[in-house]
Amino acid sequence: MGRKFFVGGNWKCNGTTEVVKKIVSTLNAGELPSTDIVEVVVSPPFVFLTSVKSELRPEIQVAAQNCWVKKGGAFTGEVSAEMLVNLDVPWVILGHSERRALLHETNEFVGDKVAYALSQGLKVIACVGETLEQREAGTTMEVVAAQTKAIADKISSWDNVVLAYEPVWAIGTGKVASPAQAQEVHAGLRKWFEENISADVAATTRIIYGGSVSGSNCKELGGQPDVDGFLVGGASLKPEFIDIIKAAEVKCA
Ligand SMILES: O=C(CO)COP(=O)(O)O
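Quick caveat: nothing in here was measured; it's all calculated off a predicted structure.

Draft legend 1. Fine view of empty space enclosed by the protein. The tally for this structure, following the rule as stated, stands at 1 cavity of 30 Å³ or more. Considering only enclosed or pocket space, the largest cavity measures out at about 30 Å³ in volume. G95, S97, R100, C127, V128, G129, Q147, E166 and V168 together form the lining of the largest cavity. Of all the elements in the fold, those that place two or more residues in the lining of the largest cavity are helix 4 (97-102) and strand 5 (123-128). Considered class by class, the residues forming the lining of the largest cavity number 3 nonpolar, 4 polar and 2 charged.

Draft legend 2. Inspection of the site of the ligand at higher detail. As a matter of local geometry, the ligand sits amid 13 residues, with K12, H96, G172, S212 and G234 nearest to it. The contact in question runs from an oxygen atom of the ligand to an N or O atom on the side chain of K12, over 2.8 Å. Within the backbone of G234, an N or O atom sits 2.8 Å from an oxygen atom of the ligand. For the ligand, whose accessible area on its own is 310 Å², the fraction buried by protein is 95%. Applying the majority rule of atoms within 2 Å of the grid points places the ligand in the second largest pocket. Residues that form the shell around the ligand fall into these classes: 4 nonpolar, 7 polar and 2 charged.

Draft legend 3. How the structure looks around the side chain of S80. Along the chain, S80 turns up in the loop between strand 3 (60-64) and helix 3 (81-86). A distance of 3.2 Å separates a polar atom in the side chain of S80 from a polar atom in the side chain of E82. Leaving out residues up to four positions away in the same chain, S80 has contacts with C67, W68 and G72.

Criteria and cut-off values
- For every chain, the first residue of the written sequence is number 1, and numbering continues from 1 along that sequence.
- Two thresholds apply to this predicted model, a pLDDT of at least 70 for residue-level local features and 80 or more for giving and counting side-chain atom pairs, whereas whole-chain, interface and lining totals are computed over all residues.
- The basis for the side-chain values is all heavy atoms of the structure; hydrogens and waters are excluded.
- Buriedness for pockets is judged along seven lines, at least five of which must meet protein on both sides within 12 Å for an open set on the 1 Å grid over protein atoms alone, while cavities are sets there where a 1.4 Å probe fits but cannot get out, and lining residues have an atom within 4 Å of a point.
- Grid points are joined across faces, edges and corners, and a volume is the space filled by probe spheres set on the points.
- In this text, helices come from DSSP runs of H or I with a minimum length of four residues, and strands from runs of E with a minimum of two, each type numbered from the N-terminal end.
- Gly counts as polar in this scheme, as do all residues outside two lists: the nonpolar Ala, Val, Leu, Ile, Met, Phe, Trp, Tyr, Cys and Pro, and the charged Asp, Glu, Lys and Arg.
- Here a residue counts as near a molecule or strand whenever at least one of its heavy atoms sits within 4 Å of it.
- Two N or O atoms form a polar contact when they lie within 3.5 Å of each other; inside protein one atom must be a possible hydrogen donor and the other a possible acceptor, and for residues adjacent in sequence the pair counts only when both atoms belong to side chains.
- Residue exposure ignores everything except the shown protein chains as possible cover, and the areas themselves are Shrake-Rupley values with a 1.4 Å probe.
- To qualify as sitting in a cavity or pocket, a molecule needs more than half of its atoms within 2 Å of the grid points.
- In this description, contact between two residues means that some pair of their heavy atoms is separated by no more than 4.5 Å.

Function-wise, these values are silent; they only describe arrangement.
So this is what it looks like as structure tokens:
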């Protein structure tokens, strides 16, 4: 059995009680492929995590969008990994490009966060990706390899990590990476794993794509051999998310 398809929905800083109720009821009513072929995780803002978790059908898991870099304490405004574990939140997204760019999270800081979250028993969706300038300068692989290495340097197992390749220029822009562009970077990351970690980690770690994924482009992207699923932003707030989850079926065709 290969890598199980993974579809994450990153709600970012969106939603009200009413909107969240609507999204949850749409997800609960949707016809989903079996959990044998797809793992689905949605990531609401912290304040909605517990209500979403308790109201959502059990096949869909939840993720936090961030957590503190070490044990909780006097860190005003932060949420610790221990708190997420205490609330039975299994997943956390770390290193999203919005946090790297807007909150100045460095590669090393993200590596520390991933290591601490894993040490507490959380599973991590770790994000990497290049800016448009970096792509145009021809440094895409260098950038994503350095971001991945900063995580690899701090952790001893990739078992509970899903790596999300999210080119910054594709996030929220409607400019999705072409299937060939996504496949090229995913294959490059898998090769990086093979050369720097192990053949086993290269073969088993899921590498998912994020950046303007929609109901209309998901099948072609998901059909690429090294694309193991998606991290979806805008479309995860819409009924279209169900169609994106169904893209898992392309791997079984
Ligand atoms: O950042 C993303 C998911 O983490 C992608 O966002 P969009 O799907 O809105 O481009």
